[in-house]
Amino acid sequence: MVSIQGKSLLGLQGVPKEEIELVLRVARKMKEVVNSDNKKLHLLQGKSIVNMFWEPSTRTRGSFEMAAKYLDADVINFTPSGSSIQKGESFRDTLLTVTAMGVDAIVMRHKQEGSPLYASKCVSPVIINGGDGTHEHPTQALLDLFTIQEVKGHIDGLKVVIVGDIDHGRVARSNIYGLKTMGADVHLVGPRTLLQPELAAMGVTVHYDLDEALKDADVVNVLRIQRERQGVGFFPGPGEYNTFFGVNQKRLKNAKKDVLIMHPGPMNRGIEIDTDTCYWTQSSIQEQVKNGVSVRMAVLYLTIMGGDDVDITR
Amino acid sequence: MTLLVKGGRVVNPAVNQDEICDILVENGKIKAIGKNLPADGAEVYDASGLVVAPGFIDMHVHLRQPGQSAKETVITGTQAAAAGGITRVATMPNTNPVIDKAILVEGMKYKAEHEGVVKVEVIGAISKGLEGKELSAMGGMAKAGVVAFSDDGRFVEDSDFMRKAMEYASMFHKIIIDHCEETSLVAGGQMHEGVVSAELGLKGRPAAAEDIAVARDIILSEITDTPVHIAHISTKHAVDMVRRAKARGLKITAEATPQHMILTDEALRTYDPRFKVNPPLRSEEHRSAVVEGLKDGTIDAIVTDHAPHTWDEKDQEFSLAPSGFVGLETSVGAVLTHLYHTGAVDLMTIIRAMSTAPARLLGVDAGVIAEGKDADLTIIDLDKEWTVDASSFYSKGKSSPFDEMIFTGKAVATVVDGEFVMKDGVVLK
């Protein structure tokens, strides 16, 4: 029996296929709940979860909070502005304080890469990484895998192209690990300044020509371009970025007819993705958000309660 | 008082000596070296089965005084040196205040004289406040007895300023030691740039930053005819450039640390700040090139870059933790285990790089076992197995990349001016 009870989700690096499949399987059931009239399950009644977000986030934090509430956990949000972090308390001491309140899981987003791993060594509650700097964002990748599997029926053998700022992209790294584990053929494409060739060592194909990368693609995952990168040597500006790396209908002619378009949001429409493509019938961008809640319900339930399935009958 | 170090294997690179003999010490000086010397009432130390070397000198150490005594002090730093078999250290000026004028050098020398367990040399700053803009009072500091000039921790960015600093320093016959990492290329960098940094999502400090800095310094050394010493060299191109500069007869020398010759960036995979250092631990091709450089004489000295920080400073998220870690208590064990016992580098070369060569570079009368010289000795058991326990270090810094490693080879006694300052790992002062 596969179980991830008590296991922190720090990233998808090294997470075995059976564990990913378990999350996806349970997430499918959670989605039935999310799609139903009464979204409340009592599976995490009496459990408490703290969202510690050292970096601003609306979607991920909201998605985790919603997931926890649908499962009837008590959840509090802990942000630097409303806490003792600003009084100079160390990261370790903050974690110890929160743990002393008796929490079962800590969902954290932190600017510093590797900080969830550090947290998992400091304290005993399950640590769920909600994004650490430019390293990993495992629940985003799990929801991307869930979406691909839902639409395509499988993941193995698919050509998945990730477009954009890969170097600074935590979504990209987690996706690479998850997709590779599930047997996909992963391709990366972006400007040379935002995509280092060293990433090929992760077992992926690196491209600097979007048309070449999109050839026969089954899935195209478009990443957000961060505006603070422009004009400081990474790329000249949004116009030129769109010309060379913007995903649009014309470019997608190279891809497979049933290509699936994804974007983790928030989008810069007209820069990394054109309006004709993000609202296209083959785009799953809104569905990804819904799937995010289902997947996070699965992750919270499985890491806190364990088991290799879930009973959603009420 | 007299001491007879009896029956040890004397390895004395300055005269290419490697033989079993006795050393007689009187009043802090070496009185005689020879076979079967009579004790004549002297305290006898049985060194049979042990190596007796000229006192080791670590020319790149941060004692952190003045101003940073939470990290280290002259007392704890020199105790750590004694524990590690080091008889003399040269301390870097990136303190608070920066050691950039004579009075501060005099203060440090006074403190070292009264509190130091081993000998302490002082390195003066190249620029006032390490700001890389105005020359420090080099002449005054030279008169006060500094052994070198360095803005260590920072690269001297402005090439015109560095040229003038070299020209000015050359009048006082002191070497310039530069921390070679071109500033713009390493801004925000957390570790060596390569496959590992790409996977970890950490901004890299490319080898190219060191290569560019070393190339510039070699060129400036040539046009100013000033001796320049490359601190903690860590890249294959830098080693090769130094090799070629030496072949051309330029006044370029270099040092390397145990960490850069033993560890690689693979160690960073757990985001553990105890492996965080500048220049960063690099990939295997660089590591092995540095060892080659030591072997063929391109690299003159082995140094630790002993850089203690408090536990709280190192116990942070990786990117927020400061760079640097301690090394005085592990250098001999690390080097013997990973360079000598592996057959990579011979004992004479290692001992030369830890005694004779740094003495020559700093211009101090040491690094040789000879009649009339100060009786500074490092006594080593090549085969002693021991486990590194950073929590038991004499240094205030408890962060070591070698923590919990098993080493073969250890300094078992440290003699300074004819007196034992360490025996069997216990510091006696």
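Where an unreviewed UniProt entry is consulted, chain A appears under the name Aspartate carbamoyltransferase, with the organism given as Megasphaera hexanoica. The UniProt entry for chain A carries the following comment under Sequence similarities (unreviewed entry): "Belongs to the aspartate/ornithine carbamoyltransferase superfamily. ATCase family." UniProt's Pathway (unreviewed entry) comment on chain A is quoted here verbatim: "Pyrimidine metabolism; UMP biosynthesis via de novo pathway; (S)-dihydroorotate from bicarbonate: step 2/3."

The number of helices and strands found in chain B is 13 helices and 19 strands. Against the compact-globule benchmark of 22 Å for 429 residues, chain B has a radius of gyration of 20 Å, which places it among compact chains. Projected onto the principal axes, the alpha-carbon positions of chain B cover approximately 65 × 45 × 45 Å. In chain B, buried positions account for 64% of the 429 residues. Within chain B, residue pairs in contact and separated by at least 24 positions form 75% of the contacts whose partners lie at least 6 positions apart. Carbon and sulfur atoms make up 50% of the accessible area of chain B, which amounts to about 15,100 Å² in all.

To continue, consider the interface of chain A and chain B. The interface is formed by 20 residues belonging to chain A together with 17 residues belonging to chain B. Carbon and sulfur atoms make up 54% of the area that chain A and chain B hide from each other, which totals about 1,500 Å². Sorting the residues of chain A by area buried against chain B places Gln 112, Glu 113 and Glu 198 of chain A first, and these three jointly supply 30% of that buried surface. Linking chain A with chain B are one salt bridge. The tally of links from chain A across to chain B stands at nine residue pairs in polar contact (both at pLDDT 80 or more). If you list the elements that add at least two residues to the side of chain A that touches chain B, you get α3 (91-100), α4 (115-122) and α6 (170-181) of chain A. No other element matches α4 of chain A, which puts four residues into the side of chain A that touches chain B. Looking at side-chain class alone, the side of chain A that touches chain B contains seven nonpolar, eight polar and five charged residues.

All names here are of chain B. Of all hydrophobic cores here, the largest spans 80 residues; its most connected members are Ile 126, Phe 149, Ile 176, Ile 230 and Ile 233. A total of six residues in this core trace back to one element, the largest contributor, which is helix α13 (residues 347-362). In this structure, Ile 176 is in contact with Ile 126, Met 138, Phe 149, Met 162, Ala 165, Met 166, Ala 169, Pro 227, Val 228 and His 229, ignoring residues within four places of it in sequence.

Below, the discussion takes up helix α8 (residues 236-247) of chain B. Residues and elements named next belong to chain B. The terminal C-alpha atoms of α8 lie 17 Å apart, and with twelve residues this matches the ideal 16 Å at 1.5 Å per residue to within 8%. Among the residues making up α8, those that are buried are Ala 238, Val 239, Met 241, Val 242 and Ala 245. All buried residues of α8 project into a common sector of 160 degrees when viewed along the axis, lining one side. For α8, the elements touching its buried residues are α7 (207-224), β13 (228-230), β14 (252-256) and α10 (284-295). Gly 249 sits one or two residues past α8 and shows a positive phi near 85 degrees.

Quick look at the pairing of strand β5 (residues 159-163) of chain A now. Along any regular strand, the residues point their side chains to alternate faces of the sheet. Residue and element names in this part refer to chain A. The element β5 is extensively covered by neighbouring structure, given that five of its five residues are classed as buried. Side chains Lys 159, Val 161 and Val 163 of β5 all project onto a buried face; the interleaved residues Val 160 and Ile 162 project onto the opposite face, where all are buried too. Examined bridge by bridge, β5 and strand β6 (residues 185-189) share five bridges and lie parallel to one another. Paired with Val 161 across the two strands is His 187, which belongs to β6. Here four bridges tie β5 to strand β8 (residues 219-222), and the two strands are oriented parallel to one another. Within β8, the position partnered with Val 160 by the bridge is Val 219.

Going through the model one piece at a time under the given rule, you end up with nine aromatic pairs over all chains. Here the aromatic rings of Trp 54 of chain A and Phe 91 of chain A are separated by 5.1 Å at their centres, their planes lie at 85 degrees, and the arrangement is edge-to-face. A residue pair is termed long-range when its members are at least 10 positions apart, and Trp 54 of chain A in the loop between β1 (48-53) and α2 (59-70) and Phe 91 of chain A in helix α3 qualify at 37 residues. With relative accessibility at 17%, the residue Trp 54 of chain A sits in the buried group. Under the relative-accessibility criterion, Phe 91 of chain A is labelled buried at 7%. An aromatic cluster of three or more residues is present, and its members are Trp 54, Phe 91 and Tyr 118 of chain A. Taking the ring centre of Trp 386 of chain B as reference, the NZ or CZ of Lys 410 of chain B above it sits at 4.6 Å.

Okay, the packing of helix α4 (residues 159-170) of chain B against α7 of chain B next. Residue and element names in this part refer to chain B. In contact at an axis separation of 10 Å, α4 and α7 are set at 45 degrees when each is read in the N-to-C sense. Here α7 runs oblique to α4, going by the angle between their axes. Pair α4 / α7 crosses with right-handed handedness. Contacts between α4 and α7 pair Ser 159, Met 162, Arg 163, Met 166 and Glu 167 from the former with Arg 216, Asp 217, Leu 220, Ser 221, Ile 223 and Thr 224 from the latter. Among the residues making up the contact of α4 with α7, the classes are represented as four nonpolar, three polar and four charged.

This part is about the domain arrangement of chain A. All names here are of chain A. When cut into domains, chain A gives domain 1 (17-137 + 289-304) and domain 2 (138-288). Summed over both partners, the interface of domain 1 with domain 2 comes to about 2,400 Å²; 59% of that surface belongs to carbon and sulfur atoms. Inspection of the domain 1/domain 2 interface yields three salt bridges. Across the pair Glu 55 and Arg 170 runs a salt bridge, and its minimum N-O distance is 3.3 Å.

As a further point, take the pattern of salt bridges. All names here are of chain B. Following the criterion strictly, the structure yields 47 salt bridges over all chains and no others. Here Lys 29 ties to Asp 374 by a salt bridge, and the two come within 2.6 Å at their closest N and O atoms. Residue Lys 29 is found in strand β3 (residues 29-34), and its partner Asp 374 is found in the loop between α13 and β16 (377-387); the two are separated by 345 residues along the sequence. Salt bridges sharing partners connect three or more residues here, namely Lys 29, Arg 88, Lys 119, Glu 121, Asp 374, Asp 376 and Asp 417.

Conventions and cut-offs
- Position numbers for residues start from 1 in each chain and track the written sequence from start to end.
- Note on labels: chains are lettered from A, ligands numbered from 1, in written order.
- Totals for whole chains, interfaces and linings use every residue, but because this is a predicted model, local features are given only for residues with pLDDT of at least 70 and side-chain atom pairs only at 80 or more, for both listing and counting.
- Heavy atoms from the whole structure form the basis of all side-chain values; hydrogens and water molecules are not counted.
- UniProt positions are given in the numbering used here, feature names are shortened, and annotations may be inferred rather than shown by experiment.
- Secondary structure elements follow DSSP: runs of H or I of four or more residues count as helices, runs of E of two or more count as strands, with numbering from the N terminus.
- Two things to know: the radius of gyration comes from C-alpha atoms, and the globule rule equals 2.2 Å times the number of residues to the power 0.38.
- Under the scheme applied here, a residue whose accessible area is under 20% of the maximum for its type counts as buried, over 50% as exposed, and between as partly exposed, the area being computed with a 1.4 Å probe on protein chains only.
- What makes two residues a contact is simply this: any of their non-hydrogen atoms within 4.5 Å.
- Throughout, the Shrake-Rupley method with a 1.4 Å probe supplies accessible areas, and for residues the shown protein chains are the sole cover considered.
- Buried area is a sum: the accessible area each of two parts loses on coming together, probed at 1.4 Å, counted once for each and added.
- Think of a salt bridge as a Lys or Arg side-chain nitrogen and an Asp or Glu carboxyl oxygen that are within 4 Å of each other.
- Identification of polar contacts relies on pairs of N or O atoms within 3.5 Å, with a donor-acceptor requirement for protein atoms, meaning one able to donate a hydrogen and the other able to accept it, and with residues adjacent in sequence counted only if both atoms are side-chain atoms.
- In this count, Pro and Cys sit with the nonpolar residues alongside Ala, Val, Leu, Ile, Met, Phe, Trp and Tyr, while Asp, Glu, Lys and Arg are called charged and the others, Gly among them, polar.
- Each nonpolar core is a collection of buried residues, namely Ala, Val, Leu, Ile, Met, Phe, Trp, Tyr and Cys, held together in the definition by side-chain atoms within 4.5 Å.
- Take the residue count of a helix, subtract one, and multiply by 1.5 Å to get its expected span.
- It is the directions from the helix axis to the C-beta atoms that the arc portrays.
- What makes two strands pair is DSSP finding at least two bridges between them.
- Classification of ring pairs rests on two measures: the distance between centres of Phe, Tyr or Trp rings, Trp counted by its six-membered ring, which must be within 6.5 Å, and the angle between planes, read as stacked under 30 degrees, edge-to-face over 60 and tilted in between.
- Either the NZ atom of lysine or the CZ atom of arginine qualifies as a charge over a ring when it sits within 6 Å of the ring centre and within 35 degrees of the ring normal.
- With axes taken as lines fitted to C-alpha atoms, and helix axes fitted only over the stretch in contact, angles between N-to-C directions fall between 0 and 180 degrees.
- Oblique is the label for any angle not covered by the other classes, which are roughly parallel (under 35 degrees), roughly antiparallel (over 145) and roughly perpendicular (65 to 115).
- With the far helix as reference, a near helix turned anticlockwise by less than a right angle produces a left-handed crossing, and one turned clockwise produces a right-handed crossing.
- Where each domain begins and ends follows an automated or database-derived domain assignment.

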